[in-house]
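# Structural overview
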Amino acid sequence: MKKKIVVLISGRGSNLQAVFNANISGAEIVAVISNRSDAQGLKWAEQHGLTTHVVEHQQYTQREAFDAALMQFIDHYQPDLVLLAGFMRILSPAFCLHYAERLINIHPSLLPAFPGLHTHQRALESGCRVAGCTIHFVTPDLDCGPIIAQGVVTVRDDDTVESLAHRVLQVEHQLLPQAVADFIADKLSIDGNRVRRKDAATEINCLLN
Ligand code: GRF
């Protein structure tokens, strides 16, 4: 039986597309859920035959109530993996703990540097020579949690937020399907704050210039 993935998005959904297009063996995206009805990625998902739902965060005054509603939708599918692919809401500890070790996020910085928003701008302002993205298991602390993979790009002298974001996104699209495939194939184990590979295979980090 295929392992079930529920993908949460808030916007464009290019990482969702990358995972879908990778056609990961043994896995199936059973639902795409967004907290915004205008998320571009929803349209794309529908056009590709995926089941979509909208759980609008604005309808809830309390974070916990929104998370509880979201959990109901997700749990209906009994997923093996909940993937945060550009999901722009902070999730409550109860949510994170409910999906412990099966909740994965992609973040556009080299964590632990620059958790939160505006990562590329902060990397440029800090004079970083490299930037990148991190794929990690989600724990209740924002943008923390055991790191599965990191992709690195060099920062160019003439980089802008847009150009840097563009190159980092290319790495995200390479790295996320690989990380999801490794999770689905049960190649990852969590040891404290570290992720170890069970098969000692080649590392999946990548460098683009
Ligand atoms: C990506 O940069 C991701 O790292 C961040 O939000 C962005 C989402 O892009 N969390 P997309 O919706 O997957 O195109």
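No experiment lies behind these values; they were computed from the predicted model shown.

The subject of this paragraph is the environment of Glu56. Checked against the element boundaries, Glu56 lands in the loop between strand 3 (52-54) and helix 3 (63-76). For Glu56 and Leu103, which are 47 residues apart along the polypeptide, the C-alpha to C-alpha distance reads 20 Å. Of note is the side chain of Glu56, whose polar atom sits 3.4 Å from the side chain of Ser37.

For helix 3, which comprises 14 residues, the first-to-last C-alpha distance of 20 Å matches the rise-based estimate of 20 Å (1.5 Å per residue) to within 8%. Its buried side turned inward, helix 3 meets strand 1 (3-9), strand 2 (27-34), strand 4 (81-84) and helix 4 (93-98). Just downstream of helix 3 lies Gln78, where phi reads positive at about 45°.

What follows is about the pairing of strand 1. Look at any regular strand and the pattern is simple: side chains alternate between the two faces of the sheet. When you tally the buried positions in strand 1, you get five out of seven residues, the bulk of the element. In this sheet, strand 2 lies alongside strand 1 in parallel orientation, the contact comprising seven bridges. Residue Ile5 lies in a different strand from strand 2, and its bridge partner there is Ile29. A crossover links strand 1 with its parallel partner strand 2, the connecting element being helix 1 (residues 14-21), and its sense is right-handed.

Where empty space is left can be seen by rolling a probe of water-molecule size over the atoms. Approximately 1,000 Å³ is the volume attributed to the largest pocket. Lining the largest pocket are 37 residues, with Gly86, Met88, His107, Pro108 and Leu117 positioned closest to its centre. For the lining of the largest pocket, the secondary-structure elements that each account for two or more residues are helix 1, strand 5 (103-107), helix 5 (119-125) and helix 6 (161-184). For the lining of the largest pocket, the per-class residue count stands at 16 nonpolar, 16 polar and five charged.

A word on the nonpolar core. The biggest cluster of nonpolar side chains holds 40 residues, and the ones touching the most others in it are Ile5, Leu16, Ile148 and Val180. The element contributing the most residues to this core is helix 6, with nine residues. The two domains that each donate at least three residues to this core are domain 1 (1-99) and domain 2 (108-209). Leaving out residues up to four positions away in the same chain, Leu16 has contacts with Val7, Ile9, Ile29, Val32, Gly41, Trp44, Ala45, Leu50 and Ala85. If you look at the next biggest cluster of nonpolar residues, it comprises 21 residues, including Leu8, Val30, Leu70 and Tyr77.

Enumeration according to the criterion identifies eight salt bridges in this entry. The salt bridge involving Asp38 is made with Arg36; its shortest N-O contact spans 3.0 Å. The class of Asp38 is exposed, set by a relative accessible area of 53%. Among the charged side chains, a network of salt bridges with common partners joins Asp182, Lys187, Arg197 and Asp199.

As a further point, take the packing of helix 1 against helix 2 (residues 40-47). Helix 2 packs onto helix 1 with a crossing angle of 25° between their chain directions and a minimal axis gap of 9 Å. When the axes of helix 1 and helix 2 are compared, the pair comes out roughly parallel. Of the residues in helix 2, those touching helix 1 at Leu16, Gln17, Phe20 and Asn21 are Gly41, Trp44 and Ala45. Along the lines of polarity and charge, the residues of the contact of helix 1 with helix 2 split into four nonpolar, three polar and no charged.

On to the domain arrangement of the protein, then. For the protein, the domain assignment lists domain 1 (1-99) and domain 2 (108-209). On a C-alpha basis, the centroid separation for the pair domain 1 and domain 2 is 20 Å. The interface of domain 1 with domain 2 comprises 21 residues on the first partner and 15 residues on the second. Seen at the junction of domain 1 and domain 2, the total is zero salt bridges. Element by element, the count of residues in the side of domain 1 that touches domain 2 is highest for helix 1, at four residues. Here the residues of the side of domain 1 that touches domain 2 sort into 14 nonpolar, four polar and three charged.

Cut-offs and rules
Residues numbered from 1 in each chain as written. Predicted model: local features only at pLDDT ≥ 70, side-chain atom pairs only at ≥ 80, totals over all residues. Heavy atoms only, no water. Helix = DSSP H or I, 4+ residues; strand = E, 2+ residues; numbered from the N terminus. Polar contact = N/O pair within 3.5 Å; in protein donor to acceptor, adjacent residues only side chain to side chain. Expected span 1.5 Å × (residues − 1). Contact = heavy atoms within 4.5 Å. Buried < 20%, exposed > 50% of the residue type's maximum accessible area, 1.4 Å probe, protein only. Pairing = 2+ DSSP bridges. Right-handed = clockwise from strand over helix to strand, strands pointing away. 1 Å grid on protein atoms, 1.4 Å probe; cavity = no way out; pocket = protein on both sides within 12 Å on 5 of 7 lines; lining within 4 Å. Points joined across faces, edges and corners; volume = space filled by probe spheres on them. Nonpolar A, V, L, I, M, F, W, Y, C, P; charged D, E, K, R; others polar. Core = buried A, V, L, I, M, F, W, Y, C linked by side-chain atoms within 4.5 Å. Domains from an automatic or database assignment. Salt bridge = Lys/Arg side-chain N within 4 Å of Asp/Glu carboxyl O. Axes fitted to C-alpha atoms, helices over the stretch in contact; angles between N-to-C directions. Parallel < 35°, antiparallel > 145°, perpendicular 65-115°, else oblique.

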